[in-house]
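# Analysis of the macromolecular model
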Amino acid sequence: MRHRTAWQALGQNPLKVLGSSWPWRSLAYLLTGVAFGAVTVAVLLVALAAGVASLVVLVGAPILLGVALSGVAVTRVERRRLRLVDLDPVPDPHRAPDATGPAAWVRTRLREPATWRELGFTVVSATALWWMDLLVLAFALVVPVLVILSPVDDPGAWPLTPVGVGLLAAAPYTITAWAGARAAVTRLMLAPRDDELGRALTDVRASRTRLVDAFDAERRRIERDLHDGAQQRLVSLNVMLGLAALDAPPDSPVAARLAEAQEQVTLAVEELRELSRGVHPKALTDQGLAAAVENLAARSALPVTVDIRLPHRLPLPVETAAYFVVAEALTNAVKHSGASGARVHARLHTDVLTLSVGDDGTGGAEPSAGGGLVGLADRVAAADGRLRVSSPQGGPTLLHVELPCR
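Here the structure is a predicted model, which means the values were calculated and not measured. (Residues numbered from 1 in each chain as written. Predicted model: local features only at pLDDT ≥ 70, side-chain atom pairs only at ≥ 80, totals over all residues. Heavy atoms only, no water.)

Looking along a regular strand, one sees the side chains alternate between the two faces of the sheet. Across 8 bridges, strand β3 (residues 352-359) lies against strand β5 (residues 397-404) in antiparallel orientation. If you follow Leu-353 over to β5, its bridge partner there is Leu-403. (Pairing = 2+ DSSP bridges. Helix = DSSP H or I, 4+ residues; strand = E, 2+ residues; numbered from the N terminus.)

Listed below in structure tokens is the structure:
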């Protein structure tokens with residue numbers, strides 16, 4: 001599994017930490033933090049002093065305004081630096097100005113809570129964080145070297161040598177741990193708040209939900225049309241061919257061709273029935289999630305153990321999302337995992353459906369662009385749910401889904 005943050009990297013085998021790039025990325029993060037922090041302090045102190053000194057002649061007002069807005073520029077750099085130890089980007093919380101021009105930009109920024117939170121972060125960074133970066137680097141790298149070199153001047157201090165070597169060997173872990181903690185604090189302070197995401201995020205979620213609902217409605221319409229239209233016509237044609245075969249002379253070429261045509265129509269009906277089940281299973285609409293998954297398991301090439309106990313029918317969007325999670329997971333298990341069996345478990349806890357699908361295959365399942373897991377994650381997210389995948393190399397694979405039933 002690919003680690004996304006320095007904190008996650010520390011959870012792996014200690015030797016793997018040393019062999020990874022995370023200690024070097026963490027070192028670069030702290031070194032740039034010290035350099036950028038020192039420059040920020042110097043510039044802000046000079047600007048603040050100049051602004052206060054020239055305030056009496058009104059020249060200092062624009063300078064002090066620049067100091068107040070300095071957090072916007074500082075945190076933009078911090079978000080870029082954060083990618084060294086946290087691969088997930090932090091979204092920019094600022095909205096676009098209502099008009100063009102510097103004046104509109106300044107008015108918009110001064111009215112945003114994020115601007116003042118960023119100024120607060122800049123003050124904390126300038127007065128504490130970069131100093132702590134410097135202290136951690138000194139303790140992790142400089143102190144061990146001084147301890148190791150101390151016997152050069154004092155032969156009686158030779159026992160300090162192994163102590164210094166031990167401290168130096170621990171330096172990658174110390175640096176990575178502090179870089180991870182520093183990054184967590186930075187993300188906590190700079191990440192947009194829910195109210196700052198505002199109506200735009202709400203609209204995006206509502207739009208995604210409408211798209212999923214429209215897609216499901218279209219799937220149900222296609223399934224109904226297939227079942228009531230083309231499938232019924234093929235069944236009628238099959239009956240007519242059977243009647244024609246009865247009127248044909250036995251063992252004649254016409255009877256043989258009619259039997260062959262009837263066989264092909266029968267295969268077409270079966271294929272169409274399987275297609276309609278894949279589009280939207282009728283059992284899901286008529287009998288609910290448990291029955292639909294039982295049917296799915298019965299048709300699977302793998303032995304599947306189903307344990308679904310629900311006190312009542314769930315909302316159709318929830319049942320649909322859960323069904324397609326199971327269908328995609330079982331399809332992946334058959335095609336890619338080399339598993340000998342799979343299991344499906346579902347329970348309703350208060351108003352949350354918890355669903356897990358596991359197999360004993362070789363593992364290694366990862367969401368990739370255009371892959372089935374990405375589509376499932378989008379569907380689950382559209383239902384305000386969560387999907388987690390555990391699939392280490394060598395297996396087993398487990399998909400865990402939580403879907404609110406509101």
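As a further point, take the UniProt feature "transmembrane region" (unreviewed entry) in the chain. In the numbering adopted here, UniProt assigns the feature "transmembrane region" (unreviewed entry) to residues 27-49, 55-74, 119-148 and 160-181. The distance separating the terminal C-alpha atoms of residues 27-49 is 33 Å; by composition the span is 100% helix and 0% strand. From the first C-alpha to the last, residues 160-181 spans 30 Å; its make-up is 95% helix and 0% strand. (UniProt positions renumbered as here; feature names shortened; annotations may be inferred.)

Tracing the backbone through its elements, the reader meets Arg-193 in the loop between α9 (171-190) and α10 (194-247). On the accessibility criterion, Arg-193 (32% relative accessible area) is partly exposed. Other than its neighbours up to four places away in sequence, Arg-193 contacts Arg-117 and Leu-188. (Buried < 20%, exposed > 50% of the residue type's maximum accessible area, 1.4 Å probe, protein only. Contact = heavy atoms within 4.5 Å.)

With that settled, the discussion passes to unusual backbone geometry. Even without a glycine there, the phi angle at Thr-350 is positive, about 60°. Structurally, Thr-350 can be placed in the loop between β2 (342-349) and β3.

A few words now on the packing of aromatic side chains. Aromatic rings in a pair are described by how distant their centres are and how their planes are angled relative to each other. Counted under the stated rule, the structure contains 2 aromatic pairs. Arranged with centres 5.3 Å apart and planes meeting at 85°, the rings of Tyr-323 and Phe-324 form a pair that is edge-to-face. By relative accessible area, which is 2% here, Tyr-323 ends up buried. Judged by its relative accessible area of 11%, Phe-324 is buried. Its guanidinium or amino end placed over the ring of Trp-22, Arg-25 lies 5.2 Å from that ring's centre, counting from NZ or CZ. (Phe/Tyr/Trp six-rings, centres within 6.5 Å; stacked < 30°, edge-to-face > 60°. Lys NZ or Arg CZ within 6 Å of the ring centre and 35° of its normal.)

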